Amino acid sequence: MAVSSGEAAAASLSDSDHDRIHVFWHEGMLEHDTGRGVFDSGMDPGFLDVLENHPENSNRVRNMVSVLKRGPIAPLVSWHQGRPALITELLTFHTQEYIDKLIEADKGSQGKILCSGTFLNPGSWRAALLAAGTSISAMRHILEGHGKLAYALVRPPGHHAQPTQADGYCFLNNAGLAVASALSSGCSKVAVIDIDVHYGNGTAEGFYRSNRVLTISLHMNHGSWGPSHPQTGAVDELGEGEGLGYNFNIPLPNGSGDRGYSYAMLELVVPAVEKFQPEMIVLVIGQDSSAFDPNGRQCLTMEGYRNIGRMVREMAKKHCNGRMLVVQEGGYQITYSAYCLHATLEGSAGLPVPLLSDPVAYYPEDESFTIEVVKSIKRFFGQPVAGII
């Protein structure tokens, strides 16, 4: 029987530990029930026959698990059991007062709305602890030399969670806690590259005064969405004190697409990482930047995600001896998100050819506006700023 080029690529890499993808997952994260309503509001207006699942529902993650278990990338995947975070671990990023509030909110039998679209229901706190601990475990796996590429397949997401409050479907900052673990374990510098469609405001805030963490966020130019998210993700949010110049926001115009994101990565992200010289890279991924996500308008396709994964892998190889943690965030179109995740990990693992074809394929794009925006960001940083930017 003939072997496809994708199958041959998987077979040729399956025996190499350095190219294996170490996936950290725990089924308990499915217990977080976000309910139904009008989009993410949880509201029943009374005049609709059919209410929809909250966009951050367990089905999207079930598809991510299944595509990695039964899709063509499966031979390259090693599965590892996640675990709940300890309270002492949570305090490396979050305040005691905030953690106490979450513990108290979890005691009731009724769900609580922590902020717009963010519901703490029975089972949510356990799932959040599992997401945080699983992300830390994935980071520890790399730090202890058991593998160079790990993926924390976690929910609820985390990059909006600030040290003192929940935000944007997020309770605990999974990526931030993983970074804190790396810093406490001897890593001198960690770079975070966040490609979720929304600004990774919580992660940025957690390290806003640190020169040991370079936080880079490529996101849809969306501004603030209220009191829970006062940050806008604008280019002038640079960090403070010792961290001035170590928070790098790249707000991109709607519809930037594959070529627009690649241009921004090449012109802005690669030089920033080159200057920072990190010892670890954390790629924070959200498939809500895809062409078909209900929560974003950025028009990335599988090829765009694959290329970003490939570019970050090359940076990790150059600066970090290949060490790279991938942490899951958004992604709400339950089938295409799984396909885009597959493509991201193909690129991150350095596969020479795609293993999975795009079910939607061509999507028209025009990167010219994005190129002009990237040029304007470069002009903004024409004057020296403390730090690397």
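Just above sits the structure.
### Points about the overall build of the protein chain
Part 1 of the reasoning: Tallying secondary structure elements over the protein chain gives 11 helices and 12 strands in all.
Part 2 of the reasoning: What you see for the protein chain is a C-alpha radius of gyration of 20 Å, in line with the 21 Å of a compact globule of 389 residues.
Part 3 of the reasoning: Over its C-alpha atoms, taken along the principal directions, the protein chain stretches across nearly 60 × 55 × 45 Å.
Part 4 of the reasoning: Relative to its 389 residues, the protein chain shows a buried fraction of 60%.
Part 5 of the reasoning: Here the protein chain displays about 15000 Å² of accessible surface, and carbon together with sulfur accounts for 53% of that area.
Part 6 of the reasoning: For the protein chain, the distance from the average site of its 29 positive side-chain charges to the average site of its 41 negative ones is 5 Å.

### A word on the environment of Pro230
Part 1 of the reasoning: With respect to the element layout, Pro230 can be found in the loop between strand S9 (213-220) and strand S10 (247-252).
Part 2 of the reasoning: Taking the C-alpha atoms as reference points, Pro230 and Tyr98, 132 residues apart in sequence, are found 18 Å from one another.

### Some remarks on the nonpolar core
Nonpolar side chains in soluble globular proteins tend to be buried together.
Part 1 of the reasoning: Judged by nonpolar contacts, the single largest core of 107 residues is most densely connected at Tyr151, Leu172, Ile193, Ile216, Leu218 and Ile250.
Part 2 of the reasoning: Apart from residues no more than four positions distant in its own chain, Ile216 is found in contact with Val192, Ile193, Asp194, Phe248, Ile250, Val269, Ala272 and Val273.

### Quick notes on the environment of Glu52
Part 1 of the reasoning: Note that Glu52 resides in strand S3 (residues 52-53).
Part 2 of the reasoning: With sequence-adjacent residues up to four places away left out, Glu52 is seen in contact with Gly35, Arg36, Gly37, Val38 and Phe39.

### Observations regarding a nonpolar patch on the surface
Part 1 of the reasoning: On the surface, a cluster of nonpolar side chains totalling about 190 Å² of accessible area is made up of Ile87, Leu91 and Ile103.
Part 2 of the reasoning: Relative to the helices and strands, Ile87 resides in helix H3 (residues 87-90).

Thresholds applied
- Residues numbered from 1 in each chain as written.
- Predicted model: local features only at pLDDT ≥ 70, side-chain atom pairs only at ≥ 80, totals over all residues.
- Heavy atoms only, no water.
- Helix = DSSP H or I, 4+ residues; strand = E, 2+ residues; numbered from the N terminus.
- Rg over C-alpha atoms; globule rule 2.2 N^0.38 Å.
- Buried < 20%, exposed > 50% of the residue type's maximum accessible area, 1.4 Å probe, protein only.
- Areas by Shrake-Rupley, 256 points an atom, 1.4 Å probe, with all protein chains shown as cover.
- Lys, Arg positive; Asp, Glu negative; His and termini not counted.
- Charge placed at Lys NZ, Arg CZ, Asp CG, Glu CD.
- Core = buried A, V, L, I, M, F, W, Y, C linked by side-chain atoms within 4.5 Å.
- Contact = heavy atoms within 4.5 Å.
- Patch = residues over 30% accessible without salt bridge, like charges linked within 9 Å, V, L, I, M, F, W, Y side chains within 5 Å.
- Salt bridge = Lys/Arg side-chain N within 4 Å of Asp/Glu carboxyl O.

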